[in-house]
Amino acid sequence: MNKVLSNYLELFDVNYYYKNKLENVEIFKNLNLTIYPGEMVALLGPSGSGKSTLLNCIGLLDKFVSGKFKILNKDYSLLTESEITNIRLNDIGFVFQNHRLFQEFSALENIIIPSLIKNIPFDVAKKKAIQILTYLNLEHRINHRPAKLSGGESQRVAIGRALSNNPKFILADEPTGNLDKDNTLLIFNILKKITLDSEKSCIIATHNNFLAEKMDRIFLIENQNIKILK
Ligand SMILES: Nc1ncnc2c1ncn2[C@@H]1O[C@H](COP(=O)(O)OP(=O)(O)OP(=O)(O)O)[C@@H](O)[C@H]1O
Ligand SMILES: [Mg+2]
């Protein structure tokens, strides 16, 4: 594996807790982690163990309470708000639990929208979205709205949306939650192809051991920390 130093993610003794009225709910305590380019990592752990919380922090949607967090070789604590926004828009592709596609828009439009938010001209964004849908073998579903897509197709469109900014990290929260084994395998193969083709890092929170076993590494969240199983 090519460990490009400028292109990975490191956590040093990070902590996270939710503040409740009576007490702090501790989720991570002195957690250490390194993720390299081109690797696929499964995040396993029981419901409530903190998988989504970890993805949200890594994906810059939330922040660790303390500790050192380096992303793309930059120290998070030294980043300005606009640098954080830029990394979130340019380098991170999020695939949310239950895909969260825009229901009133077609598959193509769902993939175009993030590019328009970044002020990319419509024609350029459309061409790119068609390429992505073709890459995902969904060219025959371009004009379908999510209600007219199967669960596996919707999840592939959600992956397409995450790919629209050609991110360095794909963060997927339960991407196969409602899918059968064949569709789970299809999603895995797509994510594998994406990480191999473009040296992205792919981090997937899942309850699915079949999916986790196929990854390069498996991290289990246990006792507010991470145990590396593979
Ligand atoms: N806003 C909040 N305030 C307090 N506690 C919270 C809040 N959001 C989440 N939690 C708690 O944090 C813990 C971790 O939640 P998280 O959603 O990260 O777990 P998870 O591993 O993704 O679970 P699942 O497998 O069910 O998706 C849970 O115990 C949850 O109840
Ligand atoms: Mg979750």
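The structure we're discussing is the one just above.
So, a few notes on the structure that sits alongside this text. (Residues numbered from 1 in each chain as written. Chains lettered and ligands numbered in written order. Predicted model: local features only at pLDDT ≥ 70, side-chain atom pairs only at ≥ 80, totals over all residues.)

When you tally the buried positions in strand 3 (residues 40-44), you get 5 out of 5 residues, the bulk of the element. On strand 3, burial covers both faces: Met40, Ala42 and Leu44 on one face and Val41 and Leu43 on the other are all buried. Pairing geometry for strand 3 and strand 8 (residues 201-205), over 4 bridges, is parallel. Residue pairing across strands places Leu43 opposite Ala205, the latter belonging to strand 8. Pairing between strand 3 and strand 9 (residues 217-222): 4 bridges, direction parallel. Within strand 9, the residue paired with Val41 across the bridge is Arg217. (Buried ≥ 20, exposed ≤ 12 C-beta atoms within 10 Å, placed from the backbone. Helix = DSSP H or I, 4+ residues; strand = E, 2+ residues; numbered from the N terminus. Pairing = 2+ DSSP bridges.)

So, about the sheet that holds strand 1 (residues 9-19). In space, the 4 strands of this open sheet follow the order 2-1-4-5, with antiparallel pairing throughout. Only two strands of the sheet have a single neighbouring strand rather than two, namely strand 2 (24-35) and strand 5 (74-75). Relative to strand 2, strand 1 runs antiparallel, the two being bridged by 8 bridges. Across the sheet, residue Val14 finds its bridge partner in strand 2, namely Leu31.

With that settled, the discussion passes to the site of ligand 1. The immediate surroundings of ligand 1 are formed by Tyr18, Val25, Ile27, Gly45, Ser47, Gly48, Ser49, Gly50, Lys51, Ser52 and Thr53. Broken down by secondary-structure element, the contributors of at least two residues to the shell around ligand 1 are strand 2 and helix 1 (51-58). Per-element accounting of the shell around ligand 1 gives the leading share, 3 residues, to helix 1. Across the shell around ligand 1, the residue classes break down as 3 nonpolar, 7 polar and 1 charged. (Near = placed C-beta within 6 Å. Nonpolar A, V, L, I, M, F, W, Y, C, P; charged D, E, K, R; others polar.)

The 6 strands lie next to each other as 6-7-8-3-9-10, forming an open sheet whose pairing is mixed. Each having just a single partner strand, strand 6 (92-95) and strand 10 (225-228) make up the two edges of the open sheet. If you compare each strand with its neighbour and ignore which way they point, the axes differ by 20° on average. Sitting on the sheet, helix 5 (residues 151-163) is in contact with strand 6 and strand 7 (169-173), with an inclination near 165° to strand 6. Across the face of the sheet, helix 6 (residues 181-198) comes into contact with strand 3, strand 7 and strand 8 while running at roughly 135° to strand 3. (Axes fitted to C-alpha atoms, helices over the stretch in contact; angles between N-to-C directions. Contact = placed C-beta atoms within 7 Å.)

It is worth spelling out the pairing of strand 9 at this point. In terms of strand pairing, strand 9 meets strand 10 through 4 bridges, oriented antiparallel. In the sheet register, Phe219 faces strand 10, and the bridge partner there is Ile228. Linking strand 9 to strand 10, which pair antiparallel, is a turn of 2 residues; within it Asn223 sits at a positive phi near 50°.

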